[in-house]
Amino acid sequence: MNENKPEEKSLPALRPSTDILERADGYWVYMDMPGVDRKDLVLDLRESELAVSGKTSVMASDKERFLEVQFGSGEYRQTIALSDLVNRAGIKATLKNGVLELFLPKVEQIKPRRIEITAD
Amino acid sequence: MVLDFNTFYAFPDRFDRLVEEFLRPAYGDRRMAYPPLNFSEDEENLYVRAEIPGAEMNDLEITLADKTLLIKGERKPEQGKYFRQERPAGAFQRVVRLNVPVDRDKVRAGLVNGILTVTLPKSEDIKPRRVSIDVK
């Protein structure tokens, strides 16, 4: 499962701040990945998990001198375990303004069936 | 740290994650003030960059005062039943003190992939000027 290529090691790994929430239609996951362009985002749907990674684009030119640095470039990585509750075929991903939005729809027939026992 | 809804299973790359925890980049204390800022300059401009993922330009209020740049805004939380909430929400404000005079009319701001860049051109009279001296 660990398939990191050597060049990926040079960028610091960043963990995106993540929200997971449930709405009536399914689970919604939001990840802050500022600086990541759509073309640099990789979503890897594996058997039991969804792996997300994205490298930030460099914004500064070489001529700039930095007086204060509170964030830097890196590679965002996060893995979400997919439960049996999720309909894998219906997963949707949107990257907008540096936020990745994942929609994980629920499987239809997940409601537990209750068996009524009637006494004579 | 795998985000797990309900199923337990063995994490194959768990040791990797442990190592990552130790090798956190130096700006690991970036939660101290929000949003995190980078401040840089070259001969022409000052640059203030801020990580504000999810923001649109009209969510932000950027004001240039006498010697300070003010960045204000608000991140609104998503609606739903939260299992995990790590993304900051709420109003934020940061003040950047500018160390040199800037050309106020030419200040530009842009937002790309959740990173705000404010470019502040330095005033003409403080730019280094190269004067060629003929040696005879």
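The rules behind these values
- Residues numbered from 1 in each chain as written.
- Chains lettered and ligands numbered in written order.
- Predicted model: local features only at pLDDT ≥ 70, side-chain atom pairs only at ≥ 80, totals over all residues.
- Heavy atoms only, no water.
- Helix = DSSP H or I, 4+ residues; strand = E, 2+ residues; numbered from the N terminus.
- Buried < 20%, exposed > 50% of the residue type's maximum accessible area, 1.4 Å probe, protein only.
- Contact = heavy atoms within 4.5 Å.
- Areas by Shrake-Rupley, 256 points an atom, 1.4 Å probe, with all protein chains shown as cover.
- Buried area = accessible area lost by both parts, 1.4 Å probe.
- Salt bridge = Lys/Arg side-chain N within 4 Å of Asp/Glu carboxyl O.
- Polar contact = N/O pair within 3.5 Å; in protein donor to acceptor, adjacent residues only side chain to side chain.
- Nonpolar A, V, L, I, M, F, W, Y, C, P; charged D, E, K, R; others polar.
- Pairing = 2+ DSSP bridges.
- Phe/Tyr/Trp six-rings, centres within 6.5 Å; stacked < 30°, edge-to-face > 60°.
- Lys NZ or Arg CZ within 6 Å of the ring centre and 35° of its normal.
- Axes fitted to C-alpha atoms, helices over the stretch in contact; angles between N-to-C directions.
- pLDDT = per-residue confidence, 0-100.

Engineer: Help me understand the overall build of chain A in this model?
Structural biologist: For chain A, the helix and strand inventory stands at zero helices and nine strands. The order of helices and strands in chain A, counted from the N terminus, is β-β-β-β-β-β-β-β-β. Considering chain A as a whole, with its 120 residues, one finds that 45% of them fall into the buried category. Within chain A, contacts between residues at least 6 apart in sequence are counted, and of these 57% link residues at least 24 apart. A total of about 7100 Å² of accessible surface is found on chain A, and carbon and sulfur atoms cover 50% of it.

Engineer: Any chance you could explain the interface of chain B and chain A here in plain terms?
Structural biologist: The interface is formed by 53 residues belonging to chain B together with 54 residues belonging to chain A. Interface area for chain B against chain A, summed over the two sides, is near 4900 Å², with a carbon-plus-sulfur share of 51%. On inspection of chain B and its partner chain A, the count reaches eight salt bridges. The interface formed by chain B and chain A contains 26 residue pairs in polar contact (both at pLDDT 80 or more). At the level of secondary structure, the elements contributing two or more residues to the side of chain B that touches chain A comprise helix H1 (14-22), strand E1 (37-41), strand E2 (45-51), strand E5 (81-85) and strand E8 (115-121) of chain B. Partitioned by chemical class, the residues of the side of chain B that touches chain A number 21 nonpolar, 12 polar and 20 charged. Strand direction decides the pairing type here: strand E2 (residues 18-23) of chain A and E5 of chain B, joined by four bridges, are antiparallel. The residue of E5 of chain B that forms the bridge with Glu22 of chain A is Lys81 of chain B.

Engineer: I tried to follow the side chain of Thr117 of chain B on my own but got confused; where do I start?
Structural biologist: Here Thr117 of chain B lies in strand E8. Once residues lying within four places of it in the same chain are set aside, the contact partners of Thr117 of chain B are Met59 of chain A together with Val48, Arg49, Arg108, Ala109 and Gly110 of chain B.

Engineer: Would you mind showing me how to read the pairing of E1 of chain B here?
Structural biologist: Each regular strand carries side chains that alternate between the two faces of the sheet. Here E1 of chain B lies mainly inside the structure; five of its five residues are buried. Burial along E1 of chain B is two-sided: Leu37, Phe39 and Glu41 of chain B facing one way and Asn38 and Ser40 of chain B facing the other are all buried. Relative to E1 of chain B, strand E6 (residues 65-69) of chain A is paired through four bridges, and the arrangement is antiparallel. Bridging from a neighbouring strand, Arg65 of chain A pairs with Glu41 of chain B of E1 of chain B. Counted along the chain from E1 of chain B to the antiparallel partner E2 of chain B, the turn is three residues long.

Engineer: It is not clear to me how the packing of aromatic side chains should be interpreted in this structure. Could you clarify?
Structural biologist: Think of a pair of aromatic rings as described by two things: how far the centres are apart, and how the planes are tilted against each other in angle. A full pass over the atoms with the stated rule returns three aromatic pairs over all chains. Taken together, a centroid distance of 6.0 Å and an interplanar angle of 45° make the contact between Tyr27 of chain A and Phe83 of chain B tilted. Here Phe83 of chain B lies in strand E5 and Tyr27 of chain A lies in strand E3 (residues 26-32), a pairing that spans two chains. Of the residues examined, Tyr27 of chain A reaches a relative accessible area of 6% and is grouped as buried. Take Phe83 of chain B: its relative accessible area is 44%, and that puts it in the partly exposed class. The ring centre of Trp28 of chain A lies 4.9 Å from the NZ or CZ of Arg23 of chain A, which sits over that ring. When the ring centre of Tyr27 of chain A is taken as reference, the NZ or CZ atom of Lys106 of chain A above it lies at 5.6 Å.

Engineer: Teacher, can you tell me more about the side chain of Gln70 of chain A here?
Structural biologist: Relative to the assigned elements, Gln70 of chain A resides in the loop between E6 and strand E7 (75-81). Side-chain polar atoms of Gln70 of chain A contact the side chain of Arg94 of chain B, separated by 2.6 Å.

Engineer: How should the sheet that holds E2 of chain B be read in this particular structure?
Structural biologist: Within a sheet, neighbouring strands are paired by backbone hydrogen bonds and run either parallel or antiparallel to one another. Across the sheet, which stays open at both edges, the five strands sit in the order E6(A)-E1(B)-E2(B)-E8(B)-E7(B) with antiparallel pairing between neighbours. In this open sheet, the two edge strands, each paired with only one partner strand, are E6 of chain A together with strand E7 (108-112) of chain B. Direction aside, neighbouring strands of the sheet carry axes that sit 15° apart on average. Relative to E2 of chain B, E1 of chain B runs antiparallel, the two sharing five bridges. Directly across from Ser40 of chain B, in E2 of chain B, lies its bridge partner Tyr47 of chain B.

Engineer: What is the right way to look at the sheet that holds E5 of chain B in this model?
Structural biologist: Within the open sheet, the five strands sit side by side as E8(A)-E9(A)-E3(A)-E2(A)-E5(B). Their pairing is antiparallel. Two strands bound the open sheet, and with one partner strand each, they are strand E8 (92-96) of chain A together with E5 of chain B. With strand direction ignored, the average angle separating the axes of adjacent strands in the sheet is 15°.

Engineer: Looking at this model, I keep getting lost on the confidence of the model for chain B. Mind explaining?
Structural biologist: Parts of the model with low pLDDT should not have their predicted coordinates read in detail. On average, residues of chain B score 81 in pLDDT, and 74% of them reach the 70 mark or higher. Element-level pLDDT for chain B is lowest in H1 of chain B, with a mean of 58, against a maximum mean of 95 in E8 of chain B.

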